[in-house]
Amino acid sequence: MSIPYRLQVDPVPGTVTARLGARPVARSDAAKVMHETRLAPALYFPRTALQELTLVPSERRTFCPFKGTATYWHADLGDARIEDGVWSYERTLPEARPIEGMLGLMPTLADGYDASAGLPARTDDGHISGPLVDWIMREATNAPDMVSLTRQLGERFVANGIAVSRLSVLVWSLDPQIAGTNAVWRRDSGEVEIRHPRYETLETPAFANSPLRHVAAGRGGVRQLLTVAEPEFDFPILEELRAGGATDYVAMPLPFAGGMTNVMTLASDHPAGFTTANLGLIFECAGAISRFFEVQALQRTASALLGTYVGPRTGARVLGGEIRRGDGDDIEAAILYADLRGSTRLAESLPRDAYLALLNGFFDAVAEAVAAEEGEVLKFIGDAVLAVFAVEEDGAAAACRRAARAAAAIPDAVRALALEGGPANCAIGVSFGQVTYGNVGARDRLDFTVIGHAANLAARLSDLGKALDQPVLMTKEVANATEEAEALGPQRLHNVRTPVEVFASVPQSPALTG
């Protein structure tokens, strides 16, 4: 049979004694029992029932969306102290009003009970069903993204008779730029707004005083009726929602399997707010709902991390299945290799933080120039950068021009970096040819890279640029695609068998130093 989530409080007939081993810790003929769906019966005692123990206030608080916020005490037995052994709901939500101010005893304080009329038995909770459960079982997996999943979830809540006017889901991310993704659905518009809070946002007073932080920090959920004169919580968002016509608010954890605590919030505009049956259904289904958001979050995380560490295009290839050693293609591409000059000396002379700031500034300058010309930074190698400009539909000459323009923009950006003792400098080599673009490495530790003569030439040209005091050197194929190149004649490159026609970028930048 189908039974909605419920709370039911009944008096326990006769005398009930709670004991720790053989030692009585509470005794009363006015005990009550709370029956709550899926939970064992919970006994509550009046404060006068305590037997030879003293309560010492604890800082612990926990939250129940049906009963309220629980306050805890340590139980001082004289010869022992039971930490957080007693709890009470000092200000209950309406359906738990019969136990307001009464005491519950943790199993560490009361490991057995005796009742003159017998202990209450657990009731049959049945099972849940309906439009929401049907959707979870059959359709939720088809939602292609977080926007669609959040919108469908809000719609299913409403279809199940839950008066949700606003639904938000915050999922934390592993991304160097954004802290997470927050999807907000509103019933009146039917639309979902996506927000991407940045890490700086987490340091603001607005976030510090928000239910999102409260829940994500592991402090439990939040339930606040917005129609009461003296609300327990004073988060600014609650006043904003109240002004918009909301009557009830809930924020609950959406835990992921890896331990990350994400947050789902719901606001109601029904005059009576959420019912226990409404919220109970949501809490019953929260674990399954969380799994769907987790699957989508894992996909976004994988894409973000791969894009961060190997580049968006390369990351897409890996996600597309190129994950085995040897997977890849032979492609034509312009290869750019940029090396920070004097790095060893700078590492020895600069404070660690200053050197890291310089190094990151150099990487930023190269990455921004490469991205502006639709190239891709493939890897950072110590104090050097390897980038690739693959031949697209516009042809090989266009790829070479894009690489040459990126290379020409980098030296001035690097020299602009603030550095004690003079400007920073770099040496760049640009070549063109066929390379293998794919996975190499050990069986269980792979690297997605470019391998081939063109990649070697770019690195050797960078070395030659240091010797000739030239910021940008390129091969003939690249020079032919740009008018800003000056022939330097055949040059011998380290570990390259035959001399290579080398060209310098013009107009030339000031001579390099260092």
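Right above here is the structure, for reference.
None of the values given here were measured: they were computed from a predicted structure.

Moving on, we come to the packing of helix α1 (residues 131-138) against helix α2 (residues 146-159). Orientation of α1 relative to α2, taken along the N-to-C sense of each, is 150°, at an axis distance of 8 Å. In terms of orientation, α1 and α2 fall into the roughly antiparallel class. Only Leu149, Gln152, Leu153, Arg156, Phe157 and Ala159 of α2 make contact with α1, whose side of the interface consists of Pro131, Leu132 and Trp135. Within the contact of α1 with α2, the residues separate by chemical class into 7 nonpolar, 1 polar and 1 charged.

One pass over the structure, following the stated rule, counts 19 salt bridges. One salt bridge connects Glu36 with Lys67, and the closest N-O pair in it is separated by 2.7 Å. Taken as a pair, Glu36 in strand β4 (residues 32-36) and Lys67 in the loop between β6 (54-64) and β7 (68-76) lie far apart in primary sequence, 31 residues in all. For the pair formed by Glu36 and Lys67, the shared burial category is buried. A salt bridge links Asp353 to Arg352, with the shortest nitrogen-to-oxygen separation between them at 3.3 Å.

This paragraph deals with the sheet that holds strand β5 (residues 42-44). Backbone-to-backbone hydrogen bonds pair the strands of a sheet. The strands run either parallel or antiparallel. The strand order β1-β4-β5 describes an open sheet built from 3 strands, whose pairing is antiparallel. The two strands at the open ends of the sheet, each matched to only one other strand, are β1 (7-11) and β5. Neighbour-to-neighbour, the strand axes of the sheet open up by a mean angle of 25°, direction not taken into account. Relative to β5, β4 is paired through 3 bridges, and the arrangement is antiparallel. Each bridged residue has a counterpart across the sheet, and for Val33 the counterpart in β5 is Leu43.

Time to look at α2. The end-to-end C-alpha separation of α2 is 20 Å, in line with the 20 Å expected for 14 residues at 1.5 Å each. Where α2 begins, the side chain of Asp145 points an oxygen toward the backbone nitrogen of Val147, at a separation of 3.3 Å. Just downstream of α2 lies Gly161, where phi reads positive at about 85°.

Taken as a whole, the second largest pocket spans an internal volume of roughly 540 Å³. Looking at the second largest pocket, it is lined by 24 residues, and the ones nearest its centre are Asn182, Arg195, Ser210, Leu212 and Ile237. Mapped by element, the contributors of at least two residues to the lining of the second largest pocket are β11 (164-172), β12 (180-186), α3 (205-208), α4 (211-216) and α5 (236-243). Across the lining of the second largest pocket, the residue classes break down as 13 nonpolar, 7 polar and 4 charged.

All right, on to helix α9 (residues 352-372) then. Its 21 residues place the ends of α9 30 Å apart at the C-alpha level, agreeing with the 30 Å of an ideal helix rising 1.5 Å per residue. Within α9 the residues assigned to the buried category are Tyr355, Leu358, Leu359, Gly361, Phe362, Phe363, Ala365, Val366, Ala369 and Val370. Two residues or fewer past α9, Glu374 is found with a positive phi of approximately 65°.

With their axes 9 Å apart at the nearest point, α9 and helix α10 (residues 396-415) run at an angle of 150° to one another. Comparing the axis directions of α9 and α10 gives the class roughly antiparallel. For α9 against α10, the interelement crossing comes out right-handed. Across the interface between the two elements, Phe362, Ala365, Val366, Ala369 and Val370 from α9 touch Ala406, Ala409, Ile410, Ala413 and Val414 from α10. Looking at the contact of α9 with α10 residue by residue, the classes come out as 10 nonpolar, no polar and no charged.

Turning to the packing of aromatic side chains, a few remarks are in order. Here a ring pair, both rings aromatic, is described through the centre-centre distance and the interplanar angle of the planes. This model, assessed by the stated rule, comprises 7 aromatic pairs. Taking 5.6 Å as the distance between ring centres and 10° as the angle between the ring planes, the aromatic pair formed by Phe233 and Phe235 counts as stacked. Both residues of the pair, Phe233 and Phe235, belong to the buried class. An aromatic cluster of at least three residues, connected via ring pairs, comprises Phe362, Phe363 and Phe380. One cation-aromatic arrangement involves Arg60 over Tyr72; the distance from NZ or CZ to the ring centre is 4.4 Å.

This part takes up the side chain of Thr37. By the element assignment, Thr37 lies in the loop between β4 and β5. Here the side chain of Thr37 touches Arg6 through a polar contact of 2.9 Å, landing on its backbone nitrogen.

On the secondary structure map, Thr181 appears in strand β12. On the accessibility criterion, Thr181 (6% relative accessible area) is buried. Taking the C-alpha atoms as reference, Thr181 lies 7.0 Å from Ile194; in sequence the two are 13 residues apart. Discounting residues that sit within four places of it in the chain, Thr181 has contacts with Met146, Val169, Leu170, Val171, Ile194, Arg195, His196 and Arg300. A distance of 3.4 Å separates a polar atom in the side chain of Thr181 from a polar atom in the side chain of His196.

Calculation criteria
Residues numbered from 1 in each chain as written. Predicted model: local features only at pLDDT ≥ 70, side-chain atom pairs only at ≥ 80, totals over all residues. Heavy atoms only, no water. Axes fitted to C-alpha atoms, helices over the stretch in contact; angles between N-to-C directions. Helix = DSSP H or I, 4+ residues; strand = E, 2+ residues; numbered from the N terminus. Parallel < 35°, antiparallel > 145°, perpendicular 65-115°, else oblique. Contact = heavy atoms within 4.5 Å. Nonpolar A, V, L, I, M, F, W, Y, C, P; charged D, E, K, R; others polar. Salt bridge = Lys/Arg side-chain N within 4 Å of Asp/Glu carboxyl O. Buried < 20%, exposed > 50% of the residue type's maximum accessible area, 1.4 Å probe, protein only. Pairing = 2+ DSSP bridges. Expected span 1.5 Å × (residues − 1). Polar contact = N/O pair within 3.5 Å; in protein donor to acceptor, adjacent residues only side chain to side chain. 1 Å grid on protein atoms, 1.4 Å probe; cavity = no way out; pocket = protein on both sides within 12 Å on 5 of 7 lines; lining within 4 Å. Points joined across faces, edges and corners; volume = space filled by probe spheres on them. Left-handed = near helix turned anticlockwise from the far one by under 90°. Phe/Tyr/Trp six-rings, centres within 6.5 Å; stacked < 30°, edge-to-face > 60°. Lys NZ or Arg CZ within 6 Å of the ring centre and 35° of its normal.

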